[in-house]
Amino acid sequence: MSDLLERLRERGWRLTSQRRVVAEVLDGDHVHLTADEVHARAARLLPEISRATVYNALGELVSLGEVVEVSTDGRAKRYDPNAHSPHQHLVCSGCGLIRDVHPTGDPLAVLPAEARFGFEVSGADVTYRGLCPACS
């Protein structure tokens with residue numbers, strides 16, 4: 001069973017066949033699919049699944065904190081199932097490919113106290129941009 005499916009079962013999320021297929025499509029490392037890509041892959045496994053069902057399932061997964069919405073450079077939202085594994089993203093400025101990266105060190109440590117303007121900083125979202133091998 002996939003990590004995402006196991007987490008959802010532990011939470012008691014009702015796994016209908018449609019929800020199960022959406023979770024299966026999202027499972028894995030470096031998965032950052034758009035809703036349309038999730039629907040296309042899910043439809044290969046369960047042809048009768050509707051686009052609305054996929055959107056609803058994605059919305060629920062985001063609300064549960066099991067999937068994170070990733071928005072980059074005005075492109076379509078992508079869905080990242082690695083919500084419980086702290087990481088940053090490497091994004092191709094050409095094709096939009098997204099990869100998870102796990103740099104060492106604390107990104108909060110590079111923000112000096114005087115640059116925080118009195119904020120109690122609780123997190124940082126870091127996105128690295130460049131060109132992937134196919135686009136460079």
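As the structure is a prediction and not an experimental result, all values here were calculated from the model.

Draft legend 1. Expanded view of helix α4 (residues 51-64). Taking 1.5 Å of rise per residue, 14 residues should cover 20 Å, and α4 covers 20 Å from first to last C-alpha, within 8% of that figure. For α4, the set of buried residues is Val 54, Ala 57, Leu 58 and Leu 61. Across the axial projection of α4, the buried residues extend over an arc of 100 degrees, all falling on one side. Looking at the buried residues of α4, the elements they touch are α1 (3-11), α2 (17-26), α3 (35-45) and β2 (78-80). Positive phi appears at Gly 65, one or two residues downstream of α4, with a value of about 80 degrees.

Draft legend 2. Representation of the environment of Leu 90 within the structure. Structurally, the position occupied by Leu 90 is in strand β3 (residues 88-92). Taking the relative accessible area as the measure of exposure, Leu 90 reaches 39% and is therefore partly exposed. As for Leu 90 and Pro 103, which are separated by 13 residues in sequence, their C-alpha atoms are 11 Å apart. For Leu 90, the contacting residues outside a window of four places in its chain are Leu 97, Ile 98, Arg 99, Val 101 and Tyr 128.

Draft legend 3. Spatial organisation of unusual backbone geometry. If you check the backbone angles, Phe 117 has positive phi at about 50 degrees while not being a glycine. Residue placement: Phe 117 occurs in the loop between β4 (98-101) and β5 (127-130). Relative accessible area serves as the criterion here: at 73%, Phe 117 is assigned to the exposed category.

Cut-offs and rules
- Residues numbered from 1 in each chain as written.
- Predicted model: local features only at pLDDT ≥ 70, side-chain atom pairs only at ≥ 80, totals over all residues.
- Heavy atoms only, no water.
- Helix = DSSP H or I, 4+ residues; strand = E, 2+ residues; numbered from the N terminus.
- Expected span 1.5 Å × (residues − 1).
- Buried < 20%, exposed > 50% of the residue type's maximum accessible area, 1.4 Å probe, protein only.
- Arc of directions from axis to C-beta.
- Contact = heavy atoms within 4.5 Å.

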